[in-house]
Amino acid sequence: MTEPLAAGVARTIQTRLVLPPDTNHMGTIFGGTVLAYIDEIAAITAMRHSGKAVVTASIDTVNFLSSAKVGDILILEGVVISTGRTSMEVYVKAECQHIETSEKSLTTTAILTMVAVDSEGKPTPVTGVIPETAAEEKLFKSAQERKQRRMKVNEYAKELC
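Cut-offs used in this document
- Residues numbered from 1 in each chain as written.
- Predicted model: local features only at pLDDT ≥ 70, side-chain atom pairs only at ≥ 80, totals over all residues.
- Heavy atoms only, no water.
- Helix = DSSP H or I, 4+ residues; strand = E, 2+ residues; numbered from the N terminus.
- Rg over C-alpha atoms; globule rule 2.2 N^0.38 Å.
- Buried < 20%, exposed > 50% of the residue type's maximum accessible area, 1.4 Å probe, protein only.
- Contact = heavy atoms within 4.5 Å.
- Areas by Shrake-Rupley, 256 points an atom, 1.4 Å probe, with all protein chains shown as cover.
- Pairing = 2+ DSSP bridges.
- Phe/Tyr/Trp six-rings, centres within 6.5 Å; stacked < 30°, edge-to-face > 60°.
- Lys NZ or Arg CZ within 6 Å of the ring centre and 35° of its normal.
- Salt bridge = Lys/Arg side-chain N within 4 Å of Asp/Glu carboxyl O.
- Axes fitted to C-alpha atoms, helices over the stretch in contact; angles between N-to-C directions.

1. Let's talk about the overall build of the protein chain
Regarding its fold elements, the protein chain presents three helices and seven strands. Computed over C-alpha atoms, the radius of gyration of the protein chain comes to 17 Å, within 12% of the 15 Å expected from 2.2 N^0.38 for 161 residues, which places it in the range of a compact globule. Each principal axis of the C-alpha distribution contributes one length, and for the protein chain these read about 50 × 40 × 30 Å. Across the 161 residues of the protein chain, 38% fall into the buried class. Looking at the protein chain alone, contacts between residues at least 24 apart form 72% of all its contacts between residues at least 6 apart. When the accessible surface of the protein chain is totalled, it reaches about 9,100 Å², and 56% of it is carbon and sulfur.

Pasting the structure below:
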């Protein structure tokens, strides 16, 4: 196993323009479209960190805080905040920048769990991560609590089947 990587090594930023096909009858971006963007940037971030293909294991939290409208710019940022043996938690935030004012607002936050896989689709070990900012450190320290919550949700889901 290699030495842990600083979170910034795999930090990924994407910029997207909100277009009419991305929006609902209110002229605001569909939540599902934002989720697809979030899943994509989380995968890219996790692949950059692990150097492996990844699959989405869970989307633990998604918080839609405000909306983006046609013509707005979405800026998405993904960073690995914790790792397990084969998994990586990725924090994604999306900000909306309004063209006319250049004003930015936080629209969405999410935490996803991505699993690194080998060429046969089997989970494979990943390198650890070293948080760099105060926010990353806080998320890093609370990772075990989130993992336990995911495990409880998974158990509950299995009981429902």
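2. Regarding the pairing of strand E6 (residues 104-117)
As a general feature of sheets, a regular strand has side chains that alternate between the two faces. The buried fraction of E6 is high, at eleven of 14 residues. With ten bridges joining them, strand E3 (residues 53-64) and E6 adopt antiparallel strand pairing. Across the sheet, the residue bridging to Asn 63 is Thr 109, located in E6. Two strands pair when backbone bridges link them, and strand E5 (residues 87-97) and E6 are joined in this way by eleven bridges, in the antiparallel orientation. When the bridges of E6 are listed, Met 88 appears paired with Met 114.

3. Overview of the packing of aromatic side chains
Within this structure, the stated rule accounts for zero aromatic pairs. Sitting above the plane of the Tyr 37 ring, Arg 16 keeps its charged end 4.1 Å from the centroid.

4. A few points about the pattern of salt bridges
Side-chain pairing between opposite charges can occur once the charged atoms of the two side chains come close. One pass over the structure, following the stated rule, counts nine salt bridges. Close ionic contact of Glu 136 with Arg 11 constitutes a salt bridge, the shortest N to O distance being 2.6 Å. Here Glu 136, found in helix H2 (residues 134-141), pairs with Arg 11, found in the loop between strand E1 (5-6) and strand E2 (12-17); they are 125 residues apart in sequence, far enough to count as distant. Residue class for Arg 11 comes out partly exposed when judged on its relative accessible area of 23%. Each member of the salt-bridge network shares a partner with another, and the members are Arg 11, Glu 77, Lys 93, Glu 132 and Glu 136.

5. A few points about the sheet that holds E3
Reading across the sheet, the five strands line up as E2-E4-E5-E6-E3 and stay open at both edges, with antiparallel pairing between neighbours. Among the strands making up the open sheet, the edge pair consists of E2 and E3. The sheet shows a mean angle of 25° between the axes of neighbouring strands, direction not considered. Strands in contact with helix H1 (residues 31-50) are E2, E3, strand E4 (73-83), E5 and E6; relative to E4, the strand with the most contacts, it is inclined by about 45°.

6. Examining unusual backbone geometry
Unlike most non-glycine residues, Ser 102 shows phi in positive territory, near 65°. Along the chain, Ser 102 falls in the loop between E5 and E6.

Everything listed is a geometric property; what it means functionally is a separate question.
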